[in-house]
Amino acid sequence: MSAKFKAACITGGAGFIGAHLARRLLKQNISVCVLDNLSVGRIENVPPEARFVHGDILNPGDCARALEGCDVLFHLAARVAIRASFEFVVEDTLCNVTGTATVLRAAAQTGSVRKVVSASSMAVYGDNARALPIPETRPATPISPYGISKLALEQLTHRLAAVAGMESVALRLFNTYGPGQRLSPYVGVITIFTNALRAGTSPTIFGDGLQVRDFVHVQDVVSGFVQAMESPVTGETINIGTGAPQTVLEVFDLLARELASDIPPTHVGAVPGELRYAIASIEKAKYLLGYEPKYDFRKSVPGVVAEIIGHATESL
């Protein structure tokens, strides 16, 4: 039961997933401290009931302040962009690898943190030959610097936690979507396509658009984090997705119909490091965590689009 834990630290808790996770934990009467440098996250995402530390995971002092009194750490802070990770390989490695080591060492030094749940990525897998669900037993052979950094995050999480006597779980997240995902040139295809179509411009699709993705609602992702916390499982790396494939073109067509747009997409060259087929096998998550995604992608999209439009209107 969640009562096992009383206080959580969420690195990157002012971001998209972290903010939803903070709200869920607070509803379960778990106190929350958010550590975020606000380079991507937004202060308005932090629930008023949460303690906020404006700091960086690369700063041991900031980590120590945020972790004070906490018994569970959710490590979500990262630089997240496969396409940009080739150009910014040094910055990504510094944040995703050195930052992970820094916050894990700080957690070990508290003496109070008993469990660590880290956010990894589908990018740790190499490309699949066919559109089939990828199990965790598939060898991790990442083809982007971002994926390499996330594989290092997993290994650091399990090894440093074990040495310190902390439990650990790493969750390999597939394409997360949902309300509150703001515009970025690198992630959030629903937000990117919706904003482009509403502006009357042609959205860019990299490659032929037949690449396959597993879109998982942010609330299902949050459930995965909470279940990983509550479960006695430790030392495990687990996929969090739906197992339901969608091509990028199918996503575009769905959004175009929802927005009554006849603007066609613009195709440009495929991007090095991006997977052709990325579908999660979630059997391990079901068995170990009791995880069961509740949100159907096609049924959820209209509500997400409405939220994006509403937020854009409020910002005018």
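Look above for the structure.
Quick caveat: nothing in here was measured; it's all calculated off a predicted structure.

J.: With reference to specific residues and values, describe the sheet that holds strand β1 (residues 7-11).
T.: Pairing in this open sheet of 7 strands is parallel, and the strands run β3-β2-β1-β4-β5-β6-β10 from one edge to the other. Of all the strands in the sheet, the pair left with one neighbour each is β3 (51-54) and β10 (236-240). Neighbouring strand axes in the sheet, compared pairwise and without regard to direction, differ in orientation by 20 degrees on average. As defined by bridge partners, strand β6 (residues 167-173) adjoins β10 across 5 bridges and the pair is classed as parallel. Residue pairing across strands places L171 opposite I238, the latter belonging to β10. In the packing of helix α2 (residues 60-67) onto the sheet, the strands contacted are β1, β2 (31-36), β3 and β4 (72-75), and the crossing angle to β3 comes to about 180 degrees. Across the sheet, helix α3 (residues 89-110) is in contact with β1, β4 and β5 (115-121); its angle to β4 comes to roughly 175 degrees.

J.: How would you summarise the pairing of β4 if you had to cite specific residues and measurements?
T.: Covered by surrounding structure in β4 are V72 and F74 together with L73 and H75, the residues of both alternating faces. Of the pairings in the sheet, the one linking β1 to β4 comprises 4 bridges and is parallel in character. Note that in β4 the partner of C9 across the bridge is L73. Where β4 and β5 come together, 4 bridges link them in parallel fashion. By the bridge assignment for β5, V72 is matched with K115.

Rules of the game
Numbers given to residues run from 1 along each chain, matching the order in which its sequence is written. Local features in a predicted model are, by the rule used here, given only for residues with pLDDT of at least 70; side-chain atom pairs are given and counted only at 80 or more, and totals for whole chains, interfaces and linings are based on all residues. Hydrogen atoms and water are omitted, and side-chain values are computed over all heavy atoms in the structure. Each pair of strands is called paired provided DSSP finds at least two bridges between the two strands. Per the convention used, a helix needs a DSSP run of H or I reaching at least four residues, while a strand needs a run of E reaching at least two, with both numbered from the N terminus. To define axes, lines are fitted to C-alpha atoms, for helices over the stretch in contact only, and angles between the resulting N-to-C directions are given on a 0 to 180 degree scale. Here, two residues are considered to be in contact whenever any of their heavy atoms come within 4.5 Å of each other. Categorising residues by exposure relies on relative accessible area from a 1.4 Å probe, with only protein chains included: less than 20% of the type maximum marks a residue as buried, more than 50% marks it as exposed, and the intermediate range marks it as partly exposed.

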